[in-house]
Amino acid sequence: MGEPKTTKCLVVGAGPVGALAALYAARRGWDVEIYELRGDLRDASTTPLNFTKSINLALAERGVNAMRHSGSSDLLDRVVSESIPMYGRMIHGADSSGALTEESQQYDVHGRFNRAVDRANLNKLMLDKVDLLPNVKLHFNHKLVGADLRKRKAWFERKASPPQTADGAQAHQDQTDERSQEVEVDFDLMLGCDGAHSNVRYHLMKFVRMNYEQTYIDTLWCEFTIPPGSSASSKTPTAKDGFATSADHLHIWPADDGMFIAIPSVDKSFTCTLFAPSAIFATLEQDPAAVTDFFRTNFPGAADLIGHAELREQFEQNPHLPLISIKCSPHHYGSSGVILGDAAHAMVPFYGQGMNAGLEDVRVLFQHLDAHPATPAGRTAALDSYSTERVPDAHTINDLALANYWEMHSGVRSPLTLIRKRVEEFLNDKLPSTGFATQYARVSFSNQRYSEVVETVAKQGRILLGGLIGTVVLPLDAAILVLSGNGARQLDGATCAWFTPGDEVNGYYAALVVKDGSKDEAKVRYPLVTKTTCPSARLAFVQLQVEMERSLVRLLRGEACPEGAAEVIEHAGQWVKPPPYAVEK
Ligand SMILES: Cc1cc2nc3c(=O)[nH]c(=O)nc-3n(C[C@H](O)[C@H](O)[C@H](O)COP(=O)(O)OP(=O)(O)OC[C@H]3O[C@@H](n4cnc5c(N)ncnc54)[C@H](O)[C@@H]3O)c2cc1C
């Protein structure tokens, strides 16, 4: 079968990724049809995604860069003009006297920032751009129900409720039948941008041997709103420009079992999210009157910013939603189908990269398509090379997003994590030729491949450990020790060791052992063994790393060993293979 003159491209899903993908495809002169399950987002009666009012997102360089290459320069200008720069995190807490504290942590030594954007608004701006193009047809209220990737045919169920299609002929047909109708559509290339519960992915799986892994983490989220400063019952000392607290930051209230975050909105309110284990949600759902106390204990000052009555009302009215993490491979089939965005790699939101990664998918995909002829064979090669490049990057950012949960609710309070950040920033600022940059800066402010970011950061860790600053003060040395991987290292006349062997079934273990190296009979000064069972080795590693950091901080403060810890360490060898720990003498 010969290739038609113009490529017919079906985009399934008109979320941010689908809308941008349609823009890229249309700019190449293709015939583009977008099919979206819901009504037109720009219609006020349309129920938003997840049934929440809106989600405020952190738009980072990758998302910006993808829009930059969309061929619609004014799209980016509009998005930027309706966004708020966030230069860092504001960490909220209380000191030992109970007084509220705010601590600003800049994201970047060079002053680079993320932008707070309203997802629905961003999506609307993109749809407006797409709507202007003559070679794009938008079909709302159309749900993908079937796809044959070999025959290149797809089937959509068209909802009977008032159709909002841009295609007048089809709208007319709808009026003749009150029930849902099935529509058959041919295509050359289908772009599956239909989100975490993707139907395109489901149908793709029938044609390709796709490996698939899905994890629900034991954390739910619920949205809250801090009203503008003019109507808020409380303000913090950094409040300005009509906001109840600083508009220049992403605000975090870290807690041991969760966190509360707030992102500024252009209407001077903050969209906030509570992340907490499902058990905590269950307890509060049983007794919503306890929500204020829960906030008072865990997130000092936050309840006052929202208002106590509003806090409870919002907890009861807003949905309590799960967080899913999805990895799959490959992302495509032959020349005819590829999944992008959440459909390919839904991730937990803790790195603020879900949408950014999805928009980057679009840029990278079209780079590959542009590099090959517009024929079925050329497209097969392009999708193949795209999947080969993108799968490891998607898996990496998925893992980093999970790991960042610990960073956000523990790392932001860990002196050791902050020390490493400062060292890397110092080198980046004062000795740029060393190429040092924090992982956060590489992920959020660059377009370096995610997989390369992790490799580069690991290399930096090894260099730091290897002696560049290995002889400076004890805490710094200790920080580097803990952050740099398995091993053992001399620590101020004592020896410290830690390890992370294990497997997914038996769990991963780590021990921190500090011995007085000058005596034959080494005395265990601070033993700690911890175990975690995690879906991935990388995540286990990060969890253990955080545990180790906490232990080391306790050690440096001269705090006592936990009761029974010495006994535990004695038996560590029974659990851990190969040998429990290696201690340098
Ligand atoms: C609490 C929270 C905070 C977040 N914060 C950030 C952040 O700060 N930064 C960031 O980059 N990301 C963030 N994200 C992630 C971000 O929201 C998603 O990654 C992004 O929305 C994915 O875009 P998408 O277009 O791939 O999918 P979606 O936005 O899910 O869009 C998919 C579209 O497909 C449609 N659809 C579904 N099924 C069908 C079907 N069968 N037929 C036709 N259409 C269909 C849906 O109606 C929808 O419109 C956050 C997510 C959450 C939950």
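The coordinates are above.
Predicted model only: the values in this text are computed from it and were never measured.

**Looking at the overall build of the protein**
Looking only at helices and strands, the protein has 20 helices and 24 strands in total. Across the 585 residues in the protein, those meeting the buried criterion constitute 47%. Considering only contacts in the protein between residues 6 or more positions apart, those separated by 24 or more positions represent 67%.

**Quick look at the packing of helix H2 (residues 61-68) against helix H12 (residues 354-370)**
Where H2 contacts H12, the axes come no closer than 8 Å and their chain directions differ by 35 degrees. As H2 packs across H12, the resulting crossing turns out to be left-handed. Judged by residue contacts, Arg62, Gly63, Asn65, Ala66 and Met67 of H2 engage Met355, Asn356, Ala357, Leu359, Glu360, Val362 and Arg363 from H12. A class-by-class count of the residues in the contact of H2 with H12 yields 6 nonpolar, 3 polar and 3 charged.

**Focus on the sheet that holds strand E4 (residues 84-86)**
If you walk across this open sheet you meet the 3 strands as E3-E7-E4, and the pairing is antiparallel. The open sheet has two edge strands with one neighbour each: strand E3 (56-59) and E4. Strand-to-strand, the axes of this sheet are offset by a mean angle of 35 degrees, without reference to chain direction. Relative to strand E7 (residues 114-118), E4 runs antiparallel, the two sharing 3 bridges. The residue bridging Pro85 from the neighbouring strand is Arg115, located in E7. Across the face of the sheet, helix H4 (residues 119-131) comes into contact with E3 and E7 while running at roughly 80 degrees to E7.

**Points about the packing of helix H8 (residues 291-298) against helix H10 (residues 308-317)**
Each pair of packed helices gets described by two things: the angle between the helix axes and the distance between those axes. With their axes 9 Å apart at the nearest point, H8 and H10 run at an angle of 110 degrees to one another. As judged from the angle between their axes, H8 and H10 are roughly perpendicular. Residues Val291, Thr292 and Phe295 of H8 pack against His308, Leu311, Arg312 and Phe315 of H10. For the contact of H8 with H10, the residue count by class is 4 nonpolar, 2 polar and 1 charged.

**Some words on the site of the ligand**
As a matter of local geometry, the ligand sits amid 33 residues, with Gly13, Gly15, Gly195, Gly341 and Gly354 nearest to it. Looking at the shell around the ligand element by element, the count peaks at 4 residues for H12. Taken together, the residues of the shell around the ligand break down into 15 nonpolar, 12 polar and 6 charged.

**Concerning the pairing of E7**
Counting buried positions along E7 gives 4 out of 5 residues, so the element sits mostly inside the fold. With 4 bridges joining them, E3 and E7 adopt antiparallel strand pairing. Within E7, the residue paired with Asn56 across the bridge is Asp118.

What counts as what
Residues numbered from 1 in each chain as written. Predicted model: local features only at pLDDT ≥ 70, side-chain atom pairs only at ≥ 80, totals over all residues. Helix = DSSP H or I, 4+ residues; strand = E, 2+ residues; numbered from the N terminus. Buried ≥ 20, exposed ≤ 12 C-beta atoms within 10 Å, placed from the backbone. Contact = placed C-beta atoms within 7 Å. Axes fitted to C-alpha atoms, helices over the stretch in contact; angles between N-to-C directions. Left-handed = near helix turned anticlockwise from the far one by under 90°. Nonpolar A, V, L, I, M, F, W, Y, C, P; charged D, E, K, R; others polar. Pairing = 2+ DSSP bridges. Parallel < 35°, antiparallel > 145°, perpendicular 65-115°, else oblique. Near = placed C-beta within 6 Å.

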